[in-house]
Amino acid sequence: MMHEHGKSDSDIVAVKPTNKAEPSAAESVEPRAGTKGNAEQQSTRRAQDRESVSQALERIRQAARQRKKEQFTTLFHHISIELLRLSFFAIKKDAAAGVDGLAWQDYEADLERNLEDLHERVQRGAYRALPSRRVYIPKPDGRQRPIAIAALEDKIVQRATAAVLSAIFEEDFLGFSYGFRPKRSQHDALDALVVGITSTKVNWILEVDVQRFFDEVSQDWLIRFLKHRIADPRILRLIQKWLKAGILEDGVVTVSDKGTGQGSVISPLLANIYLHYSLDLWAERWRRREATGDMIIVRYADDVVAGFEHESDARCFWDAMRERLQEFSLTLHPEKTRLIEFGRRAATNRRQRGLGKPETFDFLGFTFICGKSLRGQVPPQAAVPSRSHEGETQGSCGRAASANAPANPRARGMAEAGRYGLLRISRSPNKLGRAGCFSSRDH
């Protein structure tokens, strides 16, 4: 636990011209100069908001980067009207409404008054989170995925709070974490995995699936994890309001001490914080102390793929990870979590033992396959859209993608992006280290 305290910077509020003029009926037919001026004022205000918020968040980010054990005690004032306004405009205009039934366009009709009222309620503690509306969307395997849709004002405040928290925790997250993070996409995670498999002596792949992760997260442990960096009680109370607001389904509100409400705006960040402390830091430590050969790992939200040089390392990690996650109320899916022989030498090794072709595995909608090119050479392991995600997956896996995969103009830069993405946990100065791989030479 970290105990050093520090204060964040003071408010920076940009001075902006007010705009109370309403367009007349004639203006809707033939805009006048005044209408153009109003649009320009709104554009100027948005630009001032971005500049003001960006400067404040950058100071938080620098403090988090320079003082890794800092606990931030005064963050609440950063949830300003400027940040709330930017958060509102970041919400999709056609997003589904929550239990309030309030649409984006309705809230925008009197935006400034609504934001001033919301900001005042948040700052004096009168803001109350509403239950999220439960809906279900189909999964590729035919099952239904529960999604929580928050009320509009909850979305606004959650997005603003997530921006403040991200400025801190993004400086702590490890390089092999990709899900729902700024400037990190599914393609980056896929390419990082390809680089890891083709640049190291990986012979075994552990495909990890955390069962019902978003529904099973311990809220008590989540708050404890947040307190590693957040010592502002008002921020913590705000998060607890969302966790305790409950889920509305069939007219009944259910409140639980588990889960983050998958589908809510702040849920992905809370999930990354939970897995950072419960899994990522532990996995990096296990590699340093226990692994006897090369090891790679890529995590996208609760989907994890780990690669190992030795089968014994893979099985030891699997057993240790199962016990580790159980300490934090999480369990591995007994069917989806599996160990397979996979890598550059897998096909040859299996053929020498009289076994069939290496198995395939899926990651982020792509199926990874061990194979040979038309010239008989062993290429980087191919990644093709999996059948269960056909029609859903866009882009390609950099240089490892199948020709059947949809084109991606960023493909040429994916290899370097993957290397950068894992660089922060690298301990080897050579090319293996640049790819973010855990090599036995790191010990």
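Residues numbered from 1 in each chain as written. Predicted model: local features only at pLDDT ≥ 70, side-chain atom pairs only at ≥ 80, totals over all residues. Heavy atoms only, no water.

> Report on the overall build of the chain, specifying residues and quantitative values.
Within the chain one finds 14 helices and 13 strands. Expressed as a percentage of the 443 residues in the chain, the buried residues total 50%. Looking at the chain alone, contacts between residues at least 24 apart form 71% of all its contacts between residues at least 6 apart. About 21,800 Å² of surface is accessible on the chain, with carbon and sulfur atoms providing 49% of the total. (Helix = DSSP H or I, 4+ residues; strand = E, 2+ residues; numbered from the N terminus. Buried < 20%, exposed > 50% of the residue type's maximum accessible area, 1.4 Å probe, protein only. Contact = heavy atoms within 4.5 Å. Areas by Shrake-Rupley, 256 points an atom, 1.4 Å probe, with all protein chains shown as cover.)

> Got a sec to walk through the sheet that holds strand β6 (residues 247-249)? Specific residues and values, please.
Hydrogen bonds between backbone groups are what pair the strands of a sheet, and the pairing can be parallel or antiparallel. Read from one edge of the open sheet, four strands run β4-β3-β6-β7, paired in mixed fashion. Pairing within the sheet leaves two strands with one partner each, and these edge strands are β4 (144-149) and β7 (252-254). When strand polarity is set aside, the average angle formed by the axes of neighbouring strands in this sheet is 40 degrees. The sheet contact formed by strand β3 (residues 132-138) and β4 spans six bridges and is antiparallel. Within β4, the residue paired with Ile137 across the bridge is Arg145. (Pairing = 2+ DSSP bridges. Axes fitted to C-alpha atoms, helices over the stretch in contact; angles between N-to-C directions.)

> For the pattern of salt bridges, give the residues involved together with the corresponding values.
Throughout the structure, instances matching the rule amount to 23 salt bridges. With a shortest N-O distance of 2.8 Å, Asp172 and Arg229 are connected by a salt bridge. With a gap of 57 residues between them, Asp172 in the loop between α5 (152-169) and α6 (186-199) and Arg229 in the loop between α8 (219-226) and α9 (233-244) connect regions that are remote in the sequence. Exposure remark for Arg229: the relative accessible area of 0% places this residue in the buried category. Between Glu216 and Lys258 there is a salt bridge, with the nearest N and O atoms lying 3.0 Å from each other. Highlighted residues: Glu216 in helix α7 (residues 213-216) and Lys258 in the loop between β7 and α10 (267-289), separated in sequence by 42 residues. (Salt bridge = Lys/Arg side-chain N within 4 Å of Asp/Glu carboxyl O.)

> Before we move on, can you summarise the side chain of Ser185 with the specific residues and values?
Mapped onto the elements of the fold, Ser185 is located in the loop between α5 and α6. The class for Ser185 is buried, based on a relative accessible area of 19%. A distance of 3.3 Å separates the side chain of Ser185 from the backbone nitrogen of His187, its partner in a polar contact. (Polar contact = N/O pair within 3.5 Å; in protein donor to acceptor, adjacent residues only side chain to side chain.)

> If you had to explain helix α4 (residues 111-124) to someone new, which residues and values would you point to?
Here α4 contains 14 residues, and its C-alpha end-to-end distance of 20 Å stays within 8% of the 20 Å for a straight helix at 1.5 Å per residue. Three or more residues of α4 are buried, namely Leu111, Leu115, Leu118, His119, Arg121 and Val122. Around the axis of α4, the buried residues are gathered within 165 degrees of arc, so they sit on the same side. Opposite the packed face of α4, turned more than 90 degrees from it, sit the exposed residues Arg113 and Arg124. Tucked into the core, α4 has its buried residues touching α2 (81-90), α3 (104-108) and α5. Gly125, located one to two residues past α4, shows a positive phi value of around 85 degrees. (Expected span 1.5 Å × (residues − 1). Arc of directions from axis to C-beta.)

> Describe in detail unusual backbone geometry, supporting the description with residues and values.
With phi around 55 degrees, Phe180 is a residue other than glycine that occupies positive phi space. For Phe180, the location among the structural elements is in the loop between α5 and α6.

> Which residues make up the pairing of β3, and what are the values?
Here β3 runs beside β6; their pairing, made up of two bridges, is parallel. Residue pairing for β6: Arg133 is matched across the bridge by Leu248.

> If you had to explain the sheet that holds strand β5 (residues 204-209) to someone new, which residues and values would you point to?
With respect to topology, four strands assemble into an open sheet ordered β8-β9-β5-β10, the strand pairing being antiparallel. The sheet is open, and its two edges are formed by β8 (295-300) and β10 (338-341), each paired on a single side. Direction aside, neighbouring strands of the sheet carry axes that sit 15 degrees apart on average. Summarising the sheet, β8 and strand β9 (residues 303-308) pair through six bridges and their orientation is antiparallel. Counted as the bridge partner of Ile297 is Ala306 from β9. Relative to β8, α10 is tilted by about 175 degrees, and along the sheet it contacts β8 and β9. Lying over the sheet, helix α11 (residues 311-326) contacts β5, β8, β9 and β10, oriented at roughly 15 degrees with respect to β5.

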